[in-house]
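# Secondary and tertiary structure notes
Here is how the chains run, residue by residue.
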Amino acid sequence: MRFGSAEAVSDVSFTLERGERFGIIGESGSGKTLTALAVTGLLPEGAVVGGSISIDGVPLPANEREMARLRGKRIGMVFQEPMTALNPLMRVTDQIEEAIILNRSDSAQLDVPYLLKEVGLEPRHGERFPHQLSGGQRQRVMIAMALASQPDILIADEPTSALDLITQKRVLDLIAEICMRRRMALLFISHDLKAVGVLCSRVAVMHRGRLVETGPAASVFSAPQQDYTRRLVAASRFDITREDHPLGGAPLLAVEQVVREYRQGGLWPWREKPLRAVDGVSFAIGEGECVALVGPSGCGKTTLAKIIVGLDSATSGQMQLGGVAYHGADLPQEMRRDISLVFQDPFGSFNPRLTIAQSLGEPLRLEAKLDLVERQRRLVEAIEAVGLRSEMLARYPHEFSGGQRQRLAIARALVTRPKLVVLDEPVSALDVSVRGEVLALLARLQAEFGLTYLIISHDIDMVRAVADRVLVMEAGRIVEEGRPETIFAEPQHRLTRELMAARLPDVA
Amino acid sequence: MRWSIRACGSAARHEFFKRHPNLVIGLVATMLFALLGLISLVWTPYPIAQIDIGRRFLGPMAAHWLGTDNLGRDMASLVMSGTLTSFVVAALAVAIGAGIGVPLGLAAAAWGRPVEWLVLRFSDFLFAFPAIIVAILVTALFGPGAINAVLAIGLFNIPVFARVAQGSALSIATLDFVATGRLAGLGPAAIAYRHLLPNIMSLIIVQGTIQLSLGILAEAGLSYVGLGTQPPATSLGLMLRDAQSMFLIHPPADAGAGAVHRADRDWSQYCRGWIARRHRSAAAAGECQCRCLRSKGSSCASAAPRRSAM
């Protein structure tokens, strides 16, 4: 298979053997997804393709009808976000069946129960709608649909980046096993070096639309030839970024027996048992400490964060911030400046119609009596603290990259000079190469301003690098607590052990 | 649209219009009608109230470009003045609808539960009555006239705008920057004004142009049944009514008003189509929240005309 196209992607050539597992690594905007779309002939409108792609020596047909048939028969595709790739109004069984019927071939027919079994789902899952399945189960359904036509090539575009650690491991294992059993070629696209390292035998590194390096996975990762590859490999490891800071200060935040219940919808709400998202959580954070809250998706950690910062209220229990008790949304106005939140998604956290100065200055409303000069000084101070220039204040959010936006989000969190910063997955939406920078920035700011962090994450490696203390959370309860070195070396609870087992090995 | 025109220099502006011939055609035609109406404020070929029975039912000629009607009034003058009335009535009705409906919809999205319930039930209540029946009620209570037509049409624009604003604001309200606004101590009103309104503005504008063209139609409908504009003032609908009763005897009288009326509506629709397409392509180009806006918007847009058309 060989192709080259202009501008966004240029001079990309590679071959994929039968049964081979090939990985393409690159950061966002490097052209890796475009490359995959070119293979399937699904390029967005207006894309001009030069060069050629052939399967078994036969070039891809130019005709859209024939291409669609070929796509159905020879190529299976798994996308990043399974919720949007599945039809929300169709039962899973019907969707898989549709994939089978559309790609009827001469070879033996597969049936739905067989496919469900192959991807590790039970028949009862087939009767459900996509929204009734978890992220990992949806991704399995996607894989089952991709397998329906018994393809020769499976293209997986970031299939695990929307999943938590344990589910990611399971889906990766599943893909590896299926490729092996079916002797199917795999084209795996990811920005996660570790996932590629686990799954692929050969890798290509893409940078700005060009192939930088190609070779067997082991040798590319252990002895990278190019600078760019070397940087990527280095960035994939989290160095310990903790700077020395005094520990064991006076308790800043105390969470006492916090419970948050959601009433299930339904005709008779009082008959339904309420859903406990957070179930009697208690812990304390000392001044200057960096505490991490770890757990799989849906364990209630984000709900807890929202209660702590005052976006939601606890059903029962209370928090104390600097000795003042509150239950969530009743956090007194004059205390709100002491606590701030950084969101996971750097793209949704800025209003596209406001300038950076307007967005950054918003929390300053909490401080009375700030004149214009002082206000401007605080903005400049905040944006320079995160390593950006003050003239950027006049720009709009769309002019910034993901990493820069996350820096700006941190600047906004710091502008009121808070005591406690809650970080909800601060780096998981960022490219590998900027993650390290952002974490180093957080460590520097902590040392500089004496900040206290509560980091919420499912990424064990990141937590190990930055946290002083780790809380492991499952189904609304805290099940284990300790220093990262001890907790990850000798995990006591079943969940912690599972999390550790699901860690992907470091590359190289 | 607005910003890209403003941002460009004259050469670039020329280029911009060249790339969007649809917009140019729509703009020119709409401007033409607006100009026609505006000129009638200061000058018409003849005063529209001037009745001259002796010169009635004249065909087009040099003195009367479009001829005269059953009372001997100059058709060209009537068309000019009627166009203005139709435009003004429709625009005022849109202003009433957007002015009340958008804040209501935003309030529903920003305050949540109880307010939302109230606003939605209120708009359901208004939707439940055919506009023409309430218009008849209004005119029966307060007497027929252009003002009451504006009120009746405007009343029915309120739920349309409330629904569009509420639906699109809901999809914005879940985004993180709204949460940061709340953390910064902004109340619901400030959230609605600062974060929600600017991000749903493009949809409101599109809905506004739809309602404008529907308003022209609605005004014509009310005037046609005698509940809208009253003589000696005139509007396109009123002219249609006068002309239709004479149609079999004097066909040309009808054509003028009818054609202008259609064209009026159609050209503004034409512009609107461009704006809508433009909005769609902007959404496709990237701004993530616009994607949800689009799906919400199109469903609202398709639901709205059906209900408010009379």
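Residues numbered from 1 in each chain as written. Chains lettered and ligands numbered in written order. Predicted model: local features only at pLDDT ≥ 70, side-chain atom pairs only at ≥ 80, totals over all residues. Heavy atoms only, no water.

## A word on the overall build of chain A
The helix and strand tally for chain A stands at 19 helices and 18 strands. Here the C-alpha coordinates of chain A stretch approximately 75 × 55 × 45 Å along the principal axes. For chain A, buried positions account for 53% of its 508 residues. For chain A, contacts bridging at least 24 residues in sequence account for 69% of all contacts bridging at least 6. Summed over its atoms, the accessible surface of chain A is roughly 22,500 Å², and 50% of this surface lies on carbon and sulfur atoms. Where the 60 positive side-chain charges of chain A centre and where its 64 negative ones centre are 2 Å apart. (Helix = DSSP H or I, 4+ residues; strand = E, 2+ residues; numbered from the N terminus. Buried < 20%, exposed > 50% of the residue type's maximum accessible area, 1.4 Å probe, protein only. Contact = heavy atoms within 4.5 Å. Areas by Shrake-Rupley, 256 points an atom, 1.4 Å probe, with all protein chains shown as cover. Lys, Arg positive; Asp, Glu negative; His and termini not counted. Charge placed at Lys NZ, Arg CZ, Asp CG, Glu CD.)

## Regarding the packing of aromatic side chains
Considering all chains together, one arrives at 2 aromatic pairs over all chains under this definition. For the ring pair Phe 125 of chain B and Phe 129 of chain B, a centre distance of 5.4 Å and an interplane angle of 75° mean the geometry is edge-to-face. (Phe/Tyr/Trp six-rings, centres within 6.5 Å; stacked < 30°, edge-to-face > 60°.)

## Regarding helix 2 (residues 64-74) of chain A
Of the residues making up helix 2 of chain A, those classed as buried are Met 67, Arg 71, Gly 72 and Arg 74 of chain A. Contacts made by the buried residues of helix 2 of chain A are with helix 1 (32-40), strand 2 (54-55), strand 4 (75-78) and strand 5 (153-157) of chain A.

## Notes on the pairing of strand 15 (residues 420-424) of chain A
Residues and elements named next belong to chain A. Judged by how many residues are buried, strand 15 sits mostly within the fold: 5 of 5 residues are covered. Note: strand 14 (residues 339-342) against strand 15, 4 bridges, orientation parallel. Bridging from a neighbouring strand, Val 342 pairs with Leu 423 of strand 15. In the sheet, strand 15 pairs with strand 16 (residues 452-457) via 5 bridges, with the strands oriented parallel. Bridge pairing links Leu 420 to Thr 452 in strand 16. Taken together, strand 15, helix 16 (residues 432-449) and strand 16 constitute a β-α-β crossover, and its handedness is right-handed. (Pairing = 2+ DSSP bridges. Right-handed = clockwise from strand over helix to strand, strands pointing away.)

## Description of the sheet that holds strand 1 (residues 21-25) of chain A
All names here are of chain A. What the 6 strands build is an open sheet, ordered 4-5-6-1-7-8; its pairing is mixed. In this open sheet, the two edge strands, each paired with only one partner strand, are strand 4 and strand 8 (210-216). Neighbour-to-neighbour, the strand axes of the sheet open up by a mean angle of 15°, direction not taken into account. One ladder, built from 5 bridges, connects strand 1 with strand 6 (residues 185-190); its direction is parallel. From the neighbouring strand, Arg 21 faces strand 6, where its bridge partner is Leu 186. Where helix 7 (residues 135-147) meets the sheet, it contacts strand 4 and strand 5, and its direction lies at approximately 170° from that of strand 4. Taken strand by strand, helix 11 (residues 227-236) contacts strand 1, strand 7 (202-207) and strand 8, and its axis lies near 105° from that of strand 7. (Axes fitted to C-alpha atoms, helices over the stretch in contact; angles between N-to-C directions.)

## Here we look at the interface of chain B and chain A
In this complex, chain B contributes 18 residues to the contact, which on the side of chain A involves 21 residues. Both faces considered, chain B and chain A share a buried interface measuring about 1,800 Å² in area, 55% of it formed by carbon and sulfur atoms. Looking only at chain B, the three residues that lose the most surface to chain A are Asp 176, Leu 183 and Arg 194 of chain B, adding up to 33% of its buried area. On the surface where chain B and chain A come into contact, there are 1 salt bridge. We note a salt bridge from Glu 362 of chain A to Arg 194 of chain B, for which the minimum N-O separation is 2.7 Å. Between chain B and chain A we count 9 residue pairs in polar contact (both at pLDDT 80 or more) in total. Those elements that provide at least two residues to the side of chain B that touches chain A are helix 8 (176-183) and helix 9 (188-224) of chain B. (Buried area = accessible area lost by both parts, 1.4 Å probe. Salt bridge = Lys/Arg side-chain N within 4 Å of Asp/Glu carboxyl O. Polar contact = N/O pair within 3.5 Å; in protein donor to acceptor, adjacent residues only side chain to side chain.)

## Topic: the sheet that holds strand 10 (residues 275-286) of chain A
Residue and element names in this part refer to chain A. Strand order across the open sheet formed by 4 strands is 10-9-12-13, with antiparallel pairing between neighbours. The two strands at the open ends of the sheet, each matched to only one other strand, are strand 10 and strand 13 (324-326). Each adjacent strand pair in this sheet contributes to an overall mean axis angle of 20°, direction not counted.

## Re the pattern of salt bridges
Proximity of charged atoms lets side chains of opposite charge pair with each other. One pass over the full model with this rule turns up 31 salt bridges over all chains. Here the salt bridges do not stand alone but share partners, grouping Glu 374, Arg 377, Arg 378, Glu 381 and Arg 417 of chain A into one network.

## So, the packing of helix 7 (residues 146-173) of chain B against helix 9 of chain B
All names here are of chain B. Two numbers describe how helix 7 lies on helix 9: the axes approach to 9 Å, and their chain directions differ by 155°. In terms of axis orientation, helix 7 runs roughly antiparallel to helix 9. Pair helix 7 / helix 9 crosses with right-handed handedness. Residue composition of the contact of helix 7 with helix 9, grouped by class: 15 nonpolar, 8 polar and 1 charged. (Parallel < 35°, antiparallel > 145°, perpendicular 65-115°, else oblique. Left-handed = near helix turned anticlockwise from the far one by under 90°. Nonpolar A, V, L, I, M, F, W, Y, C, P; charged D, E, K, R; others polar.)

## What about a nonpolar patch on the surface?
All names here are of chain B. On the surface, Leu 35, Leu 38, Ile 39, Leu 41, Val 42 and Trp 43 cluster together into a nonpolar patch covering about 650 Å² of accessible area. Residue position: Leu 41 is located in helix 3 (residues 21-42). Here Leu 41 falls in the exposed class, since its relative accessible area comes to 60%. (Patch = residues over 30% accessible without salt bridge, like charges linked within 9 Å, V, L, I, M, F, W, Y side chains within 5 Å.)

## Thoughts on the environment of Val 294 of chain A
Relative to the helices and strands, Val 294 of chain A is located in strand 11 (residues 290-294). Setting aside chain neighbours within four positions, we find Val 294 of chain A in contact with Lys 301, Ser 457, Ile 460, Val 463, Val 470, Leu 471, Val 472, Met 473 and Leu 499 of chain A.

## What to know about the domain arrangement of chain A
All names here are of chain A. Considered domain by domain, chain A is made up of domain 1 (21-236) and domain 2 (289-312 + 328-502). Put simply, the middle of domain 1 and the middle of domain 2, counted by C-alpha atoms, are 32 Å apart. Listed per partner, the contact involves 13 residues of domain 1 and 14 residues of domain 2. Buried area between domain 1 and domain 2, both sides added, is near 1,200 Å², and the carbon and sulfur share of it is 58%. (Domains from an automatic or database assignment.)

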